[in-house]
Amino acid sequence: RIGWGMSQTTYEKEASALRHVPSGQQVMVAYMRKAVIDLSAVSAYFAARWNSGMGALYVVAGPRVNYNHASNAKETERIVTPDMVYFESGTNLVTLYDGAIGGAVDFQKLGLGLRAGVGYDFAFGPDLTIAPEVGFALPLLGLSPKHKTWKIGGLDFVLMAAMRM
């Protein structure tokens, strides 16, 4: 089974730090850091299939391999409090990075994982079956050797078609 998919992962973290302001003072600033990662990948998974015994409902599980071929990341930081503190640009929002992931980290193109899902066979005559599947992928490799905790996984939706010849 081969498929193509896109995913978007958002990470937000609120933190506080002492920052220098133009008057030379240090002020406790609360800020929100947000990172959005867009990833496009081609995936193949190999699955064993078990019929559930409840009509056309079935369960699948097996390994998944994906090739990550396009990626983009955008990281921003927004000052939350106090209101009178701004970045040098005069706003409370600054973009730290916006571009290809490969420019920010040593981006790993190959992904490996495990996938499990559930599907239902809809028969259209004796020779055609359409089967939508919902699955969950558990990644085994990180997105970057330097950032091993960055992993792309989660829910996926697959539409299978089978024809008897």
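Residues numbered from 1 in each chain as written. Predicted model: local features only at pLDDT ≥ 70, side-chain atom pairs only at ≥ 80, totals over all residues. Heavy atoms only, no water.

Colleague: How should the overall build of the protein be read in this particular structure?
Modeller: In terms of regular secondary structure, the protein is built from 1 helix and 9 strands. When its helices and strands are written in sequence order, the protein yields β-β-β-β-β-α-β-β-β-β. A separation of at least 24 residues holds for 60% of the contacts in the protein among residues at least 6 apart in sequence. On the protein, roughly 10,700 Å² of surface is accessible, and the fraction owed to carbon and sulfur atoms is 62%. (Helix = DSSP H or I, 4+ residues; strand = E, 2+ residues; numbered from the N terminus. Contact = heavy atoms within 4.5 Å. Areas by Shrake-Rupley, 256 points an atom, 1.4 Å probe, with all protein chains shown as cover.)

Colleague: Looking at this model, I keep getting lost on the pattern of salt bridges. Mind explaining?
Modeller: Where side chains of opposite charge bring their charged atoms close, a pairing between them can arise. The tally for this structure, following the rule as stated, stands at 4 salt bridges. One salt bridge in this structure joins glutamate 75 and arginine 33, with 3.7 Å as the shortest N-O distance. Of this pair, glutamate 75 sits in strand S4 (residues 57-81) while arginine 33 is found in strand S2 (residues 26-45), placing the two residues 42 residues apart along the sequence. Overall, arginine 33 belongs to the partly exposed group, its relative accessible area being 32%. Close ionic contact of arginine 115 with glutamate 133 constitutes a salt bridge, the shortest N to O distance being 3.4 Å. (Salt bridge = Lys/Arg side-chain N within 4 Å of Asp/Glu carboxyl O. Buried < 20%, exposed > 50% of the residue type's maximum accessible area, 1.4 Å probe, protein only.)

Colleague: How do you make sense of the packing of aromatic side chains when you look at a structure like this?
Modeller: One pair of aromatic rings is described through two measures. These are the centre distance and the angle between the planes. Applying the stated criterion across every chain yields a total of 1 aromatic pair. Between tyrosine 120 and phenylalanine 122, the aromatic rings sit 4.9 Å apart at their centres with planes inclined by 55°, giving tilted as the arrangement. It is arginine 49 that lies over the ring of tyrosine 58; its NZ or CZ is 3.8 Å from the centre. Arginine 115 extends its terminal NZ or CZ atom over the ring of tyrosine 45, reaching a point 4.1 Å from the ring centre. (Phe/Tyr/Trp six-rings, centres within 6.5 Å; stacked < 30°, edge-to-face > 60°. Lys NZ or Arg CZ within 6 Å of the ring centre and 35° of its normal.)

Colleague: I tried to follow the environment of proline 63 on my own but got confused; where do I start?
Modeller: The residue proline 63 is located in strand S4 in this model. Judged by its relative accessible area of 44%, proline 63 is partly exposed. Along the backbone, proline 63 and alanine 47 are 16 residues apart, and their C-alpha atoms lie at a distance of 7.0 Å. Sequence-distant contacts of proline 63, that is, excluding residues within four places in its chain, are made with Ala44, Tyr45, Phe46, Gly113 and Leu114.

Colleague: Before we go on, may I ask you to explain the confidence of the model for the protein in this structure?
Modeller: Caution is warranted with low-pLDDT regions, since their predicted coordinates should not be read in detail. On average, residues of the protein score 77 in pLDDT, and 78% of them are at 70 or above. No element of the protein has a lower mean pLDDT than helix H1 (residues 101-104), at 56, and none a higher one than strand S7 (residues 122-123), at 90. (pLDDT = per-residue confidence, 0-100.)

Colleague: Which parts of the structure should I look at to understand the environment of alanine 17?
Modeller: Within the fold, alanine 17 resides in strand S1 (residues 2-20). C-alpha of alanine 17 to C-alpha of valine 29: the two residues are 12 residues apart in sequence and 5.5 Å apart in space. Beyond its immediate sequence surroundings of up to four residues, alanine 17 is in contact with Val27, Met28, Val29 and Tyr31.

Colleague: Can you help me understand the environment of glutamate 77 in this one?
Modeller: Position of glutamate 77 among the secondary structure elements: in strand S4. It is 9.6 Å that separates the C-alpha atoms of glutamate 77 and lysine 13, two residues lying 64 residues apart in sequence. Sequence-distant contacts of glutamate 77, defined by excluding residues within four places in its chain, comprise Arg19, Tyr31, Met32, Arg33, Phe87, Asn92, Leu93, Val94 and Leu96. A polar contact is formed between the side chain of glutamate 77 and the side chain of arginine 33, at a distance of 2.5 Å. (Polar contact = N/O pair within 3.5 Å; in protein donor to acceptor, adjacent residues only side chain to side chain.)

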